[in-house]
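This is what each chain is made of:
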Amino acid sequence: PTSSVALAVNTVCREKNKVYLNSGAATTDLTGAQCSPNTVHWTYDTYMLAKSTGGAMVKSGGDSWFFVTADYVFGQQLQRDTARFVQEAGGKVLGSRTYPFPDTTDFSSLLLQAQSSGAKVLGLCNSGTDTVNCIKQAHEFGLTKSMKIAAMLMYDGNVRSVGLEDSQGLVMTESFYWDLNDRTRMFWERIRQKSSTQPPNMIQAGCYAATLHYLKTAASLGPAATKADGRGAVAHMKSMPTDDDCFGAGRIREDGRK
């Protein structure tokens, strides 16, 4: 799911003419500077996360930001995209700090710098356990009394890890939520009957939806033709409208972005 690995896989699949279906790595380079006719980027990217969460926070009064950022491709790109949308909406970035990824568990010094900056919003440009730890530690230091937290990439499962009390006031964006509508509830019900004790997150929903659309392509082209030509398979995927219980109707753009 990391962007650095995704970019490497993207290159290999292009060289070998295989199909690469991405759900989880967020770099926009997959449909930008390193766009490939063999790749489909499903679920989310840093542009979407930055524009939705960043734009919403500024509109609701969060016009000054401090970023705490994981120091690798994903975190750097997410901070850059979010800062741009914040500034375009009339907001300001008062500061930022990066930390070594994945070896950091104590965020206290970074959070105290954020608190002393006077910013209204703490932007967390990280994910997973790092995000959970940042939010819990922010509450321990009383940071949420003066700042709102914008988790730039977070899943509803992370909210359960943080707990409802510490999650109060948190802003995040998801492209899939199991209780959104009748179709998403039907999807979760099918999964719950088999194994899961926790609803799928948006990465898992993206894996399902991307695989389903690929299988529809294989049924249309035939398995042999689909396996023989990755570029041809992806081109056919782009020519067919997408439709599944997780995301509803949609399409894959010419650059591979779903």
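As a reminder, the structure under discussion sits directly above these lines.
Here's what I pulled together on the structure shown here.

The rules behind these values
Residues numbered from 1 in each chain as written. Predicted model: local features only at pLDDT ≥ 70, side-chain atom pairs only at ≥ 80, totals over all residues. Heavy atoms only, no water. Helix = DSSP H or I, 4+ residues; strand = E, 2+ residues; numbered from the N terminus. Rg over C-alpha atoms; globule rule 2.2 N^0.38 Å. Buried < 20%, exposed > 50% of the residue type's maximum accessible area, 1.4 Å probe, protein only. Contact = heavy atoms within 4.5 Å. Areas by Shrake-Rupley, 256 points an atom, 1.4 Å probe, with all protein chains shown as cover. Lys, Arg positive; Asp, Glu negative; His and termini not counted. Charge placed at Lys NZ, Arg CZ, Asp CG, Glu CD. Polar contact = N/O pair within 3.5 Å; in protein donor to acceptor, adjacent residues only side chain to side chain. Pairing = 2+ DSSP bridges. Axes fitted to C-alpha atoms, helices over the stretch in contact; angles between N-to-C directions. Salt bridge = Lys/Arg side-chain N within 4 Å of Asp/Glu carboxyl O.

1. Considerations on the overall build of the protein chain
Link 1 in the chain: Within the protein chain one finds 11 helices and 8 strands.
Link 2 in the chain: Whereas a compact globule of 258 residues would reach a radius of gyration of roughly 18 Å, the protein chain reaches 19 Å, a difference of no more than 12%.
Link 3 in the chain: Dimensions of the protein chain, computed from the C-alpha atoms along their principal axes, are close to 60 × 40 × 35 Å.
Link 4 in the chain: Expressed as a percentage of its 258 residues, the buried residues of the protein chain come to 49%.
Link 5 in the chain: Taking all contacts inside the protein chain whose residues are at least 6 apart in sequence as the whole, residues at least 24 apart take part in 64%.
Link 6 in the chain: Surface exposure of the protein chain reaches about 11900 Å², of which carbon and sulfur atoms provide 53%.
Link 7 in the chain: Between the averaged position of the 27 positive side-chain charges in the protein chain and that of its 24 negative side-chain charges there is a distance of 5 Å.

2. Things to note about the side chain of N126
Link 1 in the chain: With respect to the element layout, N126 can be found in the loop between β5 (121-125) and α5 (128-140).
Link 2 in the chain: At 3.2 Å, the side chain of N126 and the side chain of Y99 are in polar contact.
Link 3 in the chain: Side chain to side chain, N126 and T131 meet in a polar contact 2.7 Å long.
Link 4 in the chain: Once residues lying within four places of it in the same chain are set aside, the contact partners of N126 are A70, F74, Y99, T131, C134 and L153.

3. Notes on the sheet that holds β5
Sheet strands associate in pairs through backbone hydrogen bonding, adopting either a parallel or an antiparallel arrangement.
Link 1 in the chain: Ordered in space as β4-β3-β5-β6, the 4 strands form an open sheet in which the pairing is parallel. The open sheet has two free edges, formed respectively by β4 (92-99) and β6 (148-151), since each of these has just one partner strand. Looking at each pair of strands side by side, their axes are set apart by 20 degrees on average, direction ignored.
Link 2 in the chain: The pairing of strand β3 (residues 64-70) with β5 spans 5 bridges and is parallel. Across the sheet, residue T69 finds its bridge partner in β5, namely C125.
Link 3 in the chain: Against the sheet, helix α3 (residues 73-88) makes contact with β3, β4 and β5, and its axis sits at roughly 170 degrees relative to β3, the strand it touches most.

4. As for the pattern of salt bridges
Link 1 in the chain: One pass over the full model with this rule turns up 12 salt bridges.
Link 2 in the chain: Among the ionic pairs, D45 bridges to R257, the shortest N-O distance being 2.6 Å. On the criterion of sequence distance, the pair formed by D45 in the loop between β2 (39-42) and α2 (46-59) and R257 in the segment after β8 (248-250) is long-range, its members being 212 residues apart. R257 shares its class with D45; the two are buried.
Link 3 in the chain: The closest approach of N and O atoms between R183 and D245, which form a salt bridge, is 2.8 Å. Residue R183 is found in helix α8 (residues 182-192), and its partner D245 is found in the loop between β7 (242-244) and β8; the two are separated by 62 residues along the sequence.

5. Overview of the environment of V121
Link 1 in the chain: With respect to the helices, strands and loops of the structure, V121 is situated in strand β5.
Link 2 in the chain: On a C-alpha basis, the gap between V121 and W178 in space is 28 Å, while along the polypeptide they are 57 residues apart.
Link 3 in the chain: Excluding residues within four positions of it along the chain, V121 makes contact with M57, G62, S64, W65, F66, M147, K148 and A150.

6. Some remarks on the side chain of S167
Link 1 in the chain: By the element assignment, S167 lies in helix α7 (residues 164-167).
Link 2 in the chain: Here S167 falls in the buried class, since its relative accessible area comes to 10%.
Link 3 in the chain: Sequence-distant contacts of S167, defined by excluding residues within four places in its chain, comprise V159 and V162.

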